[in-house]
Amino acid sequence: MNPNLMMMLSNLEAEEAMFIQNLIKDYSEDQQKTFVMMYQNKRRDSTLILVTTVVGFFGFAGIQRFLTDQIGMGILYFFTGGLCFIGTIVDLVNYKSLAFEYNQKAAYETLHLMKTWNP
């Protein structure tokens with residue numbers, strides 16, 4: 001893989017970086033670069049999910065769900081205090097998987113978008 005591309009993927013966690021590398025391995029260098037630039041704008045950092053989950057304990061519960069496009073769950077968390085803090089605690093434990101699942105969807109959406117631009 002291209003060293004410049006590796007540098008662009010260096011801020012990703014290992015599991016996410018391997019997923020992205022496998023996803024774009026058959027693409028040309030230019031296509032890979034385009035994908036990574038588009039993907040970087042869509043993805044959510046797991047640290048952001050962690051911080052917003054912690055904020056749920058002190059104020060606005062459910063921000064992490066809104067950030068991962070789970071609007072219904074975000075509204076539910078907001079009106080129930082993070083499901084009486086139990087849902088917020090579960091999200092606190094599983095914040096990396098919340099981020100990774102969202103990022104997988106974002107990667108597939110980016111691939112689809114690239115295919116519609118360049119059939």
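Residues numbered from 1 in each chain as written. Predicted model: local features only at pLDDT ≥ 70, side-chain atom pairs only at ≥ 80, totals over all residues. Heavy atoms only, no water.

Student: Could you clarify how one ought to interpret the environment of lysine 42 in this entry?
Tutor: Within the fold, lysine 42 resides in helix H3 (residues 29–42). A relative accessible area of 25% means that lysine 42 is categorised as partly exposed. In sequence terms lysine 42 and lysine 105 are 63 residues apart; their C-alpha atoms lie 9.7 Å from each other. In this structure lysine 42 touches Tyr102, Ala106, Glu109, Thr110 and Leu113, once residues within four positions along its chain are discounted. (Helix = DSSP H or I, 4+ residues; strand = E, 2+ residues; numbered from the N terminus. Buried < 20%, exposed > 50% of the residue type's maximum accessible area, 1.4 Å probe, protein only. Contact = heavy atoms within 4.5 Å.)

Student: Sorry, what's going on with the UniProt feature "transmembrane region" (unreviewed entry) in the protein chain here?
Tutor: Following the UniProt record, the feature "transmembrane region" (unreviewed entry) maps to residues 47–67 and 73–95 here. A helix fraction of 81% and a strand fraction of 0% characterise residues 47–67, whose end C-alpha atoms lie 12 Å from each other. The span residues 73–95 is 91% helix and 0% strand, and its two end C-alpha atoms sit 15 Å from each other. (UniProt positions renumbered as here; feature names shortened; annotations may be inferred.)

Student: Sorry, what's going on with the nonpolar core here?
Tutor: Nonpolar side chains in soluble globular proteins tend to be buried together. One finds Ile20, Leu23, Ile24, Phe35, Tyr39 and Ala107 to be the most contacted residues of the largest nonpolar core, which totals 18 residues. When contributions to this core are tallied by element, the ones reaching two or more residues are helix H2 (14–24), H3 and helix H8 (95–117). When residues in this core are grouped by element, the largest group, 6 residues, is from H8. For isoleucine 20, the residues in contact, after removing those within four places along its chain, are Leu9, Leu12, Phe35, Tyr39 and Ala107. (Core = buried A, V, L, I, M, F, W, Y, C linked by side-chain atoms within 4.5 Å.)

Student: Help me out: how do you make sense of the packing of helix H4 (residues 46–58) against helix H7 (residues 86–93) in this one?
Tutor: For any two helices packed against each other, one specifies the crossing angle of their axes together with the interaxial distance. The geometry of H4 relative to H7 is characterised by a closest axis approach of 9 Å and an angle of 155° between their N-to-C directions. Regarding the angle of H4 to H7, the classification is roughly antiparallel. Considering only the axes of H4 and H7, their crossing is left-handed. Each of Leu50, Thr53, Val54, Gly56 and Phe57 in H4 lies in contact with H7, whose residues at this interface are Thr88, Ile89, Asp91 and Leu92. Grouping the amino acids of the contact of H4 with H7 by side-chain chemistry returns 5 nonpolar, 3 polar and 1 charged. (Axes fitted to C-alpha atoms, helices over the stretch in contact; angles between N-to-C directions. Parallel < 35°, antiparallel > 145°, perpendicular 65-115°, else oblique. Left-handed = near helix turned anticlockwise from the far one by under 90°. Nonpolar A, V, L, I, M, F, W, Y, C, P; charged D, E, K, R; others polar.)

Student: Would you take a moment to explain the packing of aromatic side chains for this structure?
Tutor: Given two aromatic rings, one states the distance between the centres and the angle between the planes to describe the pair. Applying the stated criterion across every chain yields a total of 7 aromatic pairs. Their ring planes at 75° and their centres at 5.9 Å tell us that phenylalanine 19 and phenylalanine 100 sit as a pair that is edge-to-face. Residue phenylalanine 19 is located in helix H2, and its partner phenylalanine 100 is located in helix H8; the two are separated by 81 residues in the primary sequence. As far as the burial class goes, phenylalanine 19 and phenylalanine 100 line up, both buried. Arranged with centres 5.7 Å apart and planes meeting at 85°, the rings of phenylalanine 19 and tyrosine 108 form a pair that is edge-to-face. Here phenylalanine 19 is found in helix H2, whereas its partner tyrosine 108 is found in helix H8, with 89 residues between them in sequence. Take phenylalanine 19: its relative accessible area is 15%, and that puts it in the buried class. Grouped by ring-pair contacts, the aromatic residues Phe60, Phe66, Phe78 and Phe79 constitute a single cluster. (Phe/Tyr/Trp six-rings, centres within 6.5 Å; stacked < 30°, edge-to-face > 60°.)

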